[in-house]
Amino acid sequence: MSQSSRTVFPSELSGTPTAPRAPTGFEILSGRTTLFSAASPNRTGQTQFGSSTLHAPDPTQFGESAGGPGALPDRLREADLKMSHERESAVDALEIASYLEADGLSDESLRGRYNAGGLFQAAELLYAQRGSGRALNRLPSAPLPAFPWHMLLRGPLYLLPGLAGLLITRPLGLGAAAAFTFAAAFGWGWSMTIAGLRYSEPFAVPGRAMRAALWLAGVIGVLGGGLTALLLAGADQVLLGVLSGGAVALATAAAGILLALGRTGLFAGAFGLPMLAAAVVQASLLPVSGSLQIMGQATVQTVRQTATADATVSFTAALVGLALLAVSPVWAVLNATRTPGTLPITWAVFRPHLWLAAYGWAMALTFVGFSLRLGAWSLLPVIVSAGLLEAGVWHAQERLQHAARSLRTLSDLRWRGRVTVPVVAALYGGALGLTLVLIRVSGLLPQLDDLPAATQVGVGLLGASFLLSAWLANQRQVSALIGLWSAAAILTFTALVPLPVLSAALFLILLLIALNTLNDPRSYR
């Protein structure tokens, strides 16, 4: 047996343990030992090797006395003084070895001139000195993330497709209005599927998948709009339901695609013409015949002819507006998705994101039920502040990520998360409630002058529930959210529970789910 083998593996027959010594560079490279492992024999005479760690080793394992610089050879102490800063930030002895090599200190020079046992032993001796690796115990001082104020514009942008569709379909009758409601609720959930498709290919534009989602939305809007018009307005309104449902569904899907791709400028241009057409439609509804009567310039026959002409103009303007609402956003999407991307158009690609759509539809039904019982004006701040909701969810997650990088223990991290997410949701709900109070006090909207205080609190709690729900959806709690919002929609339409009580119950349930989710370290990613 060679001398090195007898040193590393002492003889079991002799029973005399070999004194511990520093491993050589050859032994390290050949895998016979590991860094920071003391070749200390046990009672049977066999050597035990420890595992690698980020803590500095005990200097006594190299046959030196503990206590710092005194254990170093004189010339190696000079290198230690020059490398004090590097030692403090080093994570292991290999990093010290790389610094030595970078300074031109080879294995031979360290053995000959510095009286060290080679490069690796010199690095281990240096790393064993007091103060090495101190940076490992120092918490990073990263600045707190700033609030993403640039996302606030997304709320009013989300409002444009629905507002244009509402104004344009107004003179087309009950069938068109019912089809608009269906298409708007469908677009709420479908936009979540579109967002999921977008983030399935985050470093490119999934053009094929986005276009498939757009055309599929148009088909569903046509079928659903016609069926809704048939059930709620009669067979004579089916055609108008088909046109309205298809146009609004295409517009909402196009809006989701453009916002998912971050094309806000193209979005504004795409919906500029439809909003202009909506303004023309509203102008055509002005009571011209009533103005003629007031002026005394018309007979009964003239008034009837003028009213008929007004209705014809409004109807024609509405049809033109529907065409612009469908064509202009679709053209913008086709222009933005010229790159086909790598996502194929298969069921396997769309299936994981359909659960998000189901969750969005359940939440949209709950919103429609609230608007039918409270009035659409009461929920207007929720719609306009959709960008603030997204910014709040984004900021809450950024704060959680910052906490994960700066805190040392899991208990501290969980405590920080249990404070951050509820506080962000409460601030958003409080902002909605305060907005309603300011609108009512200022008289800006006469429709809200008699809004009860309980309803204001309920709207604030509903907004906070939406924010918690959006954060939980990002944590893949979609199944629980589908069940919760479906039950809420049923309770809303059946009027079994007062709406403020339902809002409070939703908030508390979602808060408990969020607090339980924050126990999982994966929620801080």
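Below or above, wherever it landed, is the structure these notes cover. Computed from a predicted structure; not experimentally measured. Each chain has its residues counted from 1, following the order in which its sequence is written. Totals for whole chains, interfaces and linings use all residues, but because this is a predicted model, local features are given only for residues with pLDDT of at least 70 and pairs of side-chain atoms are given and counted only at 80 or more. Side-chain measures were taken over the full set of non-hydrogen atoms in the model, leaving aside hydrogen atoms and water.

So, about the overall build of the chain. When helices and strands are tallied, the chain shows 22 helices and 2 strands. Looking at the chain as a whole, 45% of its 525 residues qualify as buried. Counting contacts in the chain only where the partners sit at least 6 residues apart, residues at least 24 apart contribute 75% of the total. Here the accessible surface of atoms and residues is derived via Shrake-Rupley with a 1.4 Å probe, and residues count as covered only by protein chains that are part of the display. Accessible surface computed for the chain: about 26,100 Å², of which carbon and sulfur atoms make up 65%. Numbered from the N terminus, helices here are DSSP runs of H or I no shorter than four residues, and strands are runs of E no shorter than two. Three exposure classes are used, based on accessible area relative to the maximum for each residue type with a 1.4 Å probe and protein chains only: buried under 20%, partly exposed in between, and exposed over 50%. Throughout, a contact is declared for two residues whenever any of their heavy atoms are within 4.5 Å.

Salt bridges are counted wherever a side-chain nitrogen of Lys or Arg sits within 4 Å of a carboxyl oxygen of Asp or Glu. Summed over the entire model, instances satisfying the criterion amount to 3 salt bridges. Among the ionic pairs, D107 bridges to R111, the shortest N-O distance being 3.0 Å. In this pair, D107 and R111 both sit in helix α6 (residues 107–112), 4 residues apart, roughly one turn of the helix. Given a relative accessible area of 42%, R111 falls into the partly exposed group.

On to the packing of aromatic side chains, then. Aromatic rings from Phe, Tyr and Trp, with only the six-membered ring used for Trp, were paired whenever their centres fell within 6.5 Å, and each pair was classed as stacked if the ring planes differed by under 30 degrees, edge-to-face if by over 60, and tilted otherwise. A complete count under the given rule lists 9 aromatic pairs for this structure. Summarising the aromatic geometry, the rings of F267 and F271 are spaced 4.8 Å apart at their centres and angled 40 degrees between planes, so their arrangement reads as tilted. With a relative accessible area of 0%, F267 lands in the buried category. For F271, a relative accessible area of 1% corresponds to the buried category. Among the aromatic residues, those joined into a ring-pair cluster are F182, F186, W190 and W361.

Take the packing of helix α9 (residues 174–200) against helix α10 (residues 207–233) next. At a minimum axis separation of 8 Å, α9 and α10 run at an interaxial angle of 155 degrees. When the interaxial angle is binned, α9 and α10 end up roughly antiparallel. Between α9 and α10 lies a crossing whose hand is right-handed. Class assignment of the residues belonging to the contact of α9 with α10 gives a composition of 17 nonpolar, 5 polar and 1 charged. Interaxial angles span 0 to 180 degrees and are taken between N-to-C directions of axes, which are lines fitted to C-alpha atoms, for helices over the stretch in contact. Angles below 35 degrees are treated as roughly parallel, those above 145 as roughly antiparallel, those between 65 and 115 as roughly perpendicular, and all remaining angles as oblique. Working rule for handedness: look at the near helix, and if it is turned counterclockwise from the far one by less than a right angle, call the crossing left-handed; if clockwise, right-handed. Gly is placed with the polar residues, together with every amino acid not listed as nonpolar (Ala, Val, Leu, Ile, Met, Phe, Trp, Tyr, Cys and Pro) or charged (Asp, Glu, Lys and Arg).

For the pair α9 and helix α11 (residues 238–260), interaxial distance at closest approach is 8 Å and the crossing angle is 25 degrees. Viewed along their axes, α9 and α11 adopt a mutual orientation that is roughly parallel. Here α9 runs over α11; the crossing is right-handed. Facing α9, whose interface residues are G175, A176, A179, F180, A183, A184, F186, G187, W190, I194 and R198, α11 presents L240, G241, S244, G245, V248, A249, T252, A253, G256, I257 and A260. Here the contact of α9 with α11 is built from residues that sort into 14 nonpolar, 7 polar and 1 charged.

Honestly, that's just the spatial picture; any functional story needs more than this.
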